[in-house]
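# Report on the structure
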Amino acid sequence: MALTKRHLVVRIGEETGLIQQQVLEVIQKTLDYISEALAKGETVELRNFGVFEVKTRKARIGRNPKSPEADVPIPARSVVKFKAGKEMREAVIKLPPAKG
């Protein structure tokens with residue numbers, strides 16, 4: 001199961017007593033500001049959660065598995081990387097390994 005924005009809104013609304021529409025607006029504004037900062041190439045650091053930063057992937061040559069003789073040039077591009085904060089890393093490392 002995935003945690004969705006809707007799940008967050010309902011849970012925060014129940015725990016704080018705020019109207020769900022207000023919670024949704026706050027969450028959406030937060031996500032908008034994070035996206036806006038990343039689109040400008042800025043780093044977003046959320047203490048005890050993690051760091052989002054923009055990295056540039058180098059150009060490389062890929063191959064189509066259906067026709068491996070043909071090289072496919074893949075251009076350099078910017079991607080968002082996430083590095084989990086200490087508390088999140090410690091919580092996740094306690095999870096049992098996934099089976100299969």
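Predicted, not measured: the structure shown is a model, and the values here were computed from it. (Residues numbered from 1 in each chain as written. Predicted model: local features only at pLDDT ≥ 70, side-chain atom pairs only at ≥ 80, totals over all residues. Heavy atoms only, no water.)

### A word on a nonpolar patch on the surface
Residues Leu 3, Leu 8 and Ile 12 make up a contiguous nonpolar surface patch of about 260 Å² in total accessible area. Tracing the backbone through its elements, the reader meets Leu 3 in the segment before α1 (5–16). (Patch = residues over 30% accessible without salt bridge, like charges linked within 9 Å, V, L, I, M, F, W, Y side chains within 5 Å. Areas by Shrake-Rupley, 256 points an atom, 1.4 Å probe, with all protein chains shown as cover. Salt bridge = Lys/Arg side-chain N within 4 Å of Asp/Glu carboxyl O. Helix = DSSP H or I, 4+ residues; strand = E, 2+ residues; numbered from the N terminus.)

### What to know about the environment of Met 1
Counting through the fold element by element, Met 1 comes out in the segment before α1. Taking relative accessible area as the criterion, Met 1 reaches 95% and is therefore assigned exposed. Taking the C-alpha atoms as reference, Met 1 lies 31 Å from Thr 56; in sequence the two are 55 residues apart. (Buried < 20%, exposed > 50% of the residue type's maximum accessible area, 1.4 Å probe, protein only.)

### Regarding helix α2 (residues 20–39)
In this model α2 runs 28 Å from its N-terminal to its C-terminal C-alpha over 20 residues, within 8% of the 28 Å that 1.5 Å per residue would give. Within α2 the residues assigned to the buried category are Val 23, Ile 27, Ile 34, Ala 37 and Leu 38. One side of α2 holds all its buried residues, which, seen down the axis, span an arc of 105 degrees. Exposed residues pointing more than 90 degrees away from the buried face of α2 are listed as Tyr 33 and Ala 39. Looking at the residues trailing α2, positive phi occurs at Gly 41, about 85 degrees. (Expected span 1.5 Å × (residues − 1). Arc of directions from axis to C-beta.)

### Section: unusual backbone geometry
Positive phi outside glycine occurs at Asn 48, with the angle close to 65 degrees. Along the polypeptide, Asn 48 turns up in the loop between β1 (44–46) and β2 (50–57).

### Let's talk about the nonpolar core
Membership of the largest hydrophobic core is limited to five residues, which are Ile 34, Ala 37, Leu 38, Val 44 and Phe 52. Broken down by element, the residue count for this core peaks at three residues, all from α2. The contact partners of Ala 37, leaving out residues within four places of it in the chain, are Glu 42 and Val 44. (Core = buried A, V, L, I, M, F, W, Y, C linked by side-chain atoms within 4.5 Å. Contact = heavy atoms within 4.5 Å.)

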